Amino acid sequence: MNFWHNIQTPNFSLAPMEDVTDTSFREVVLQSAASGKVNLLFSEFTSVEGMCHPIGHEKVKHRLQINESEKKLLKEKNVKLIAQIWGKDPEKYYKTAQYIANETDFDGIDINMGCPVKNVVKNGCCSALIAQPDLAQEIILATKEATNLPLSVKTRIGFKEVVTESWVSHLLQTPIDALTIHGRIQKQMSEGMADWNEIAKAVQLRNELAPHIKLIGNGDVESYQEGLDKCETYGVDGVMIGRGIFKNPWFFHPEKEEIEMEEKLDLMLEHTRLFDKTWGNSKNFAILRRFFKIYTNEFRGASSLRNDLMNTRNAEEVYEAVKQFTLNNEQLSVNT
């Protein structure tokens, strides 16, 4: 069954993000989400060129790792997991899609036609495909032919300029099940505000040309309620959350307005434990440090703890830093 056909509306998804949405962080998000508040999770960006290279394959396939504990939570919470892939060779998309379908437990495939990073774009990949509509179509057709997995595309409203009407119309004529639109052009990167009026224009085009395709909006959604409001105002079927998760790891638990220090630190320790258990020394520990700021804020001594955590080199040092911080806090409470 194609989950896009009966997914709830409005739906919420966590965006694919480089060095962010690995299996350990996805599990943390699942743990902290309320039932029914998150519907879709995406993998990190996975290169089809790397997946099809005899040496590169072993270096890239970790991006498609799904821990057993994550699988259990996905099933319990009825959340679908989608592998996002990128590149520019249709044949390699075909082979990578077959690998995902046959060798992994992902529920769907998403094609990255939106990443604006210059080194990627320079090679004709991701958002550069907006300026190559014929190649983009070839890639979609090759991926679709490879498997029966549901297929979606994530893109932007333009490359150097806004071309929502021509670009989205082109994509809506391909055999995709869902389309996520980020309301910026490639040239903006993450600057300025996302243009949700252009996303609304994409919705209108969808309604006219391909009403069966789900249309997801993306860009500057900072709270769950704002996501609901965007769905109502602009007519999208759902919203995708990217940077918003860094401001609040409990984004998908909107009833939790006040989060105590102990709960923040417990979730950070759980994330550290999962990261260490999953990757050990095979991934650079510095990747984990970028997350510490999302757990250490708005409590007494947060900045001091954050500074200590930014100097940690392994999980044991994180556990020790939190232990010392907690002991010091308890001593301060006794003295005051």
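Please refer to the structure placed before this passage.
Within every chain, residues take consecutive numbers counted from 1 along the sequence as written. Residue-level local features of this predicted model are given only where pLDDT is at least 70; pairs of side-chain atoms are given and counted only at 80 or more, and the full residue set underlies all totals for whole chains, interfaces and linings. Excluded from the side-chain calculations are hydrogens and water; all other atoms, namely the structure's heavy atoms, are used.

We now examine the overall build of the chain. What the chain contains, in helices and strands, is 17 helices and eight strands. Only the C-alpha atoms count toward the radius of gyration. The rule for a globule is 2.2 Å times the residue count to the power 0.38. Against the compact-globule benchmark of 20 Å for 336 residues, the chain has a radius of gyration of 20 Å, which places it among compact chains. In the chain, buried positions account for 55% of the 336 residues. In the structure as shown, the chain presents an accessible area of about 15,400 Å², 47% of it carried by carbon and sulfur atoms. The charge count includes Lys and Arg as positive and Asp and Glu as negative, but it does not include His or the ends of the chains. Each charge is placed at NZ for Lys, CZ for Arg, CG for Asp and CD for Glu. Positive and negative side-chain charges in the chain, numbering 39 and 47 respectively, have mean positions lying 3 Å apart. Put simply, DSSP H or I for four residues or longer makes a helix, DSSP E for two residues or longer makes a strand, and each gets a number counted from the N terminus. Exposure classes here rest on a 1.4 Å probe applied to the protein chains alone. A residue is buried below 20% of its type maximum, exposed above 50%, and partly exposed in between. Only the protein chains shown count as cover for residues, and all accessible areas are computed by the Shrake-Rupley method using a 1.4 Å probe.

All right, on to the state of the cysteines then. Our working definition of a disulfide is a cysteine sulfur pair at a distance within 2.5 Å. Scanning the entire structure with this criterion turns up zero disulfides. Looking at Cys115, it has no disulfide partner, and the nearest cysteine sulfur is the one in Cys126, 4.8 Å off. Judged by its relative accessible area of 10%, Cys115 falls in the buried class.

With respect to the helices, strands and loops of the structure, Lys256 is situated in the loop between helix H12 (244-247) and helix H13 (261-279). According to the relative accessible area criterion, Lys256 is partly exposed, its value standing at 23%. Residues Lys256 and Asn329, 73 residues apart in the sequence, show an inter-C-alpha distance of 24 Å. In this structure Lys256 touches Trp250 and Glu263, once residues within four positions along its chain are discounted. Contacts were defined at the residue level, with two residues in contact if any of their heavy atoms lie within 4.5 Å.

Here we come to the sheet that holds strand E7 (residues 214-218). A pair of strands is treated as paired once DSSP finds two or more bridges between them. The eight strands are arranged E1-E2-E3-E4-E5-E6-E7-E8 in a closed barrel whose pairing can be described as parallel. Strand-to-strand twist of the sheet, defined as the mean angle between neighbouring strand axes without regard to direction, takes the value 30 degrees. Across five bridges, strand E4 (residues 108-113) lies against strand E5 (residues 151-158) in parallel orientation. Across the sheet, residue Asn112 finds its bridge partner in E5, namely Lys154. Each axis is a line fitted through C-alpha atoms, and for a helix only the stretch in contact is used; angles between axes span 0 to 180 degrees, taken between their N-to-C directions. The sheet strands contacting helix H6 (residues 90-103) are strand E3 (80-86) and E4, and the helix crosses E3 at an angle near 155 degrees.

With that settled, the discussion passes to the nonpolar core. What makes a nonpolar core is a set of buried Ala, Val, Leu, Ile, Met, Phe, Trp, Tyr and Cys residues whose side-chain atoms join them at distances within 4.5 Å. Formed by 94 residues in total, the largest nonpolar core has its most connected members in Phe25, Leu41, Met113, Leu179, Ile245 and Phe252. For this core, the element with the highest residue contribution is H13, accounting for seven residues. Setting aside residues up to four positions removed in sequence, Phe25 forms contacts with Leu14, Val20, Ile245, His271, Phe291, Ile294 and Tyr295. Core analysis: the second largest hydrophobic core is formed by ten residues, Leu40, Phe42, Ala178 and Met240 among them.

What follows is about the layout of surface pockets. In this analysis a 1.4 Å probe is tested at points of a 1 Å grid over the protein atoms alone, and where it fits but cannot get out there is a cavity; an open set with protein on both sides within 12 Å along at least five of seven lines is a pocket; lining residues have an atom within 4 Å of a point. Grid points are joined across faces, edges and corners, and a volume is the space filled by probe spheres set on the points. Here the largest pocket is characterised by a volume of approximately 860 Å³. Lining the largest pocket we find 36 residues, and of these Pro16, Met17, Phe45, Ser190 and Arg243 sit closest to its centre. Of the residues forming the lining of the largest pocket, the biggest block, three residues, is contributed by H12. Residue classes follow a fixed rule: Ala, Val, Leu, Ile, Met, Phe, Trp, Tyr, Cys and Pro count as nonpolar, while Asp, Glu, Lys and Arg count as charged, and any other residue, Gly among them, counts as polar. Considering only residue class, the lining of the largest pocket consists of 16 nonpolar, ten polar and ten charged.

Burial within E5 is extensive, with eight of its eight residues counted as buried. Across six bridges, E5 lies against strand E6 (residues 178-185) in parallel orientation. Bridge assignment links Thr155 to a residue of E6, and that residue is Ile181. With helix H9 (residues 164-172) bridging E5 and the parallel E6, this β-α-β connection has right-handed handedness. We call a crossover right-handed when, viewed with the strands running away from us, the connection from the first strand over the helix to the second turns clockwise.

Right, let's get into the pattern of salt bridges. Here, a salt bridge means any Lys or Arg side-chain nitrogen found within 4 Å of an Asp or Glu carboxyl oxygen. Scanning the entire structure with this criterion turns up 18 salt bridges. Residue Lys71 is joined to Glu68 by a salt bridge in which the shortest nitrogen-to-oxygen separation is 3.0 Å. Of the two residues, Lys71 and Glu68 both sit in helix H5 (residues 68-77), three residues apart, roughly one turn of that helix. For Lys71, a relative accessible area of 26% puts it in the partly exposed group. For Asp220, the salt bridge goes to Arg243, with nearest N and O atoms at 3.5 Å. Highlighted residues: Asp220 in the loop between E7 and helix H11 (224-234) and Arg243 in the loop between strand E8 (238-241) and H12, separated in sequence by 23 residues. Three or more residues are tied together by salt bridges with common partners; here these are Glu18, Glu44, Arg63 and Lys283.

Attention now goes to the environment of Ile294. Tracing the sequence through the fold places Ile294 in helix H15 (residues 292-295). In this structure Ile294 comes out as buried when scored by relative accessible area, which is 3%. When the C-alpha atoms of Ile294 and Gly87 are compared, they prove to be 31 Å apart, with 207 residues separating the residues in sequence.

Now for H5. Buried within H5 we find Glu70, Leu73 and Leu74. Down the axis of H5, the buried set is contained in an arc of 105 degrees. They therefore lie on one face. Turned more than 90 degrees off the buried face of H5, the exposed positions are Glu68, Lys72, Lys75 and Glu76. Residues of H5 that are buried make contact with helix H2 (23-32), strand E2 (40-47) and E3. Phi turns positive, to about 55 degrees, at Asn78, one or two residues after H5. As used here, the arc is the angular range of directions from the helix axis to the C-beta atoms.

All quantities given are derived from atomic positions and should not be read as evidence of function.
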